[in-house]
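Residue-level listing of the chains:
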Amino acid sequence: MEQTTRITKEEIPFEKLEKAGIKKDFVDRMESQELKDFLNGFRSAKLYTINAKINDEQYQIPTKIRLQKEEDGSVKVKVHPIQRLHIPDEYLGHKFTKEEKTALLEDKHLGKTIEMTNQKGEKDNYYLSLDPKTNELIPLRSKHIRVPEKIKGASLSEEQKQQLAAGKKIHLDGMTGKNGKKFSASLQVDAANRSINFSGFKQEKEKEKEQKPEKKRGTKQKVG
């Protein structure tokens, strides 16, 4: 049985999106997981150009879009345009230290979990990242990320799993790419994309094959 989403594809307000300049077939170009996330109310992975009127002037603005289901069952489209890069002093009840602001600006990820209060007044532990496309701060409840036993075929130690779950960056060797080759990389929870981020890729050298003894100069190879 297929897993259901908060919003069905048929509930998407295509007419409103088309008036804003987004053609109806945009969902057909989404990958399976991307569409599932979108129908669950998360921001789109891609930027879409919409028509906007500001001070009686028409503009085309790149933005991420998000679906939101209202209490009456209707579905609205929320837009998230590119913002000026800025870390506020406080966000969802958490006051940032200088070190935390630096981590977000330089790494795009806070590097740890923190307690924050959502709009309903509920406290929970969150990861926090900057959306690299819109510069928005994106919180993600820590319970939504489950650290697997293996990533790309490479096993994680208990310490690595604990560090990754805590939002810290770890280094992992022995992963296997789609091309079948081994590689290493740094891994960290990415709240903006609700996934584990890979950075600092490094191709691993293949183990040296058993070398055959070299022929000495001046000798001839025997033919069996």
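The structure this text deals with has already been given above.
Residues numbered from 1 in each chain as written. Predicted model: local features only at pLDDT ≥ 70, side-chain atom pairs only at ≥ 80, totals over all residues. Heavy atoms only, no water.

Moving on to the sheet that holds strand β13 (residues 195-203). One open sheet accounts for three strands, arranged β11-β12-β13; its pairing is antiparallel. Sheet topology places β11 (170-176) and β13 at the edges, where each strand pairs with a single neighbour. On average, adjacent strands in this sheet sit at an angle of 35° to one another, irrespective of strand direction. As paired elements, strand β12 (residues 182-190) and β13 share seven bridges and run antiparallel to each other. (Pairing = 2+ DSSP bridges. Helix = DSSP H or I, 4+ residues; strand = E, 2+ residues; numbered from the N terminus. Axes fitted to C-alpha atoms, helices over the stretch in contact; angles between N-to-C directions.)

Turning our eyes to something else, we now look at helix α3 (residues 98-107). What α3 keeps buried is the set Glu100, Ala103 and Leu104. Projected down its long axis, α3 shows its buried positions confined to an angular sector of 95°, all on one face. Structural note: α3 exposes Lys98, Glu99 and Glu106 on the side pointing more than 90 degrees away from its buried face. Buried residues belonging to α3 abut β5 (94-95), β6 (114-117), β7 (123-130) and β8 (137-141). Lysine 108 lies just past α3 and shows a positive phi near 75°. (Buried < 20%, exposed > 50% of the residue type's maximum accessible area, 1.4 Å probe, protein only. Arc of directions from axis to C-beta. Contact = heavy atoms within 4.5 Å.)

Once that is clear, we can look at the packing of aromatic side chains. Enumeration over the complete set of coordinates arrives at five aromatic pairs. Seen from their ring centres, phenylalanine 198 and phenylalanine 201 are 6.1 Å apart, and the 10° between their planes marks the pair as stacked. Put simply, the rings of Phe14, Phe26, Phe38 and Tyr48 touch in pairs and so form one group of aromatic residues. Across from the ring centre of phenylalanine 42, 5.9 Å away, lies the NZ or CZ of arginine 6, which sits over that ring. The positively charged end of arginine 194 is found above the aromatic ring belonging to phenylalanine 42, 4.2 Å away from the centroid. (Phe/Tyr/Trp six-rings, centres within 6.5 Å; stacked < 30°, edge-to-face > 60°. Lys NZ or Arg CZ within 6 Å of the ring centre and 35° of its normal.)

On to the sheet that holds strand β3 (residues 75-81), then. The strand order across the open sheet built from three strands is β1-β2-β3, with neighbouring strands paired in antiparallel fashion. Edge strands, defined here as strands with exactly one partner in the open sheet, are β1 (48-54) and β3. Averaged over all neighbouring strand pairs, the angle between strand axes comes to 60°, with direction disregarded. Pairing analysis gives seven bridges linking β1 to strand β2 (residues 57-69), with the strands arranged antiparallel. Following the sheet pairing, asparagine 51 is matched in β2 by glutamine 60.

Let us now look at helix α4 (residues 158-165). Among all positions of α4, only Gln160, Lys161 and Leu164 are buried. Relative to the axis of α4, the buried residues are bounded by an arc of 100° and lie together on one face. More than 90 degrees from the buried face of α4, the exposed residues found are Glu158, Glu159 and Gln162. If you follow the buried residues of α4, they end up packed against β7, β9 (150-151), β10 (154-155), β11, β12 and β13. Glycine 167, located one to two residues past α4, shows a positive phi value of around 95°.

Next up on the list: the nonpolar core. Counting 17 residues, the largest nonpolar core has Ile12, Ile22, Phe26, Phe38, Ile65 and Leu67 as the members making the most contacts within it. Among the elements of the structure, α1 (14-19), α2 (32-39), β1 and β2 are those that each provide at least two residues to this core. The element that contributes the greatest number of residues to this core is α2, accounting for three residues. Those residues in contact with isoleucine 12, other than ones at most four positions away along the chain, are Leu17, Val27, Phe38, Leu39 and Leu67. Among the nonpolar cores identified, the runner-up in size contains eleven residues, and Leu156, Leu164, Ala185 and Ile196 belong to it. (Core = buried A, V, L, I, M, F, W, Y, C linked by side-chain atoms within 4.5 Å.)

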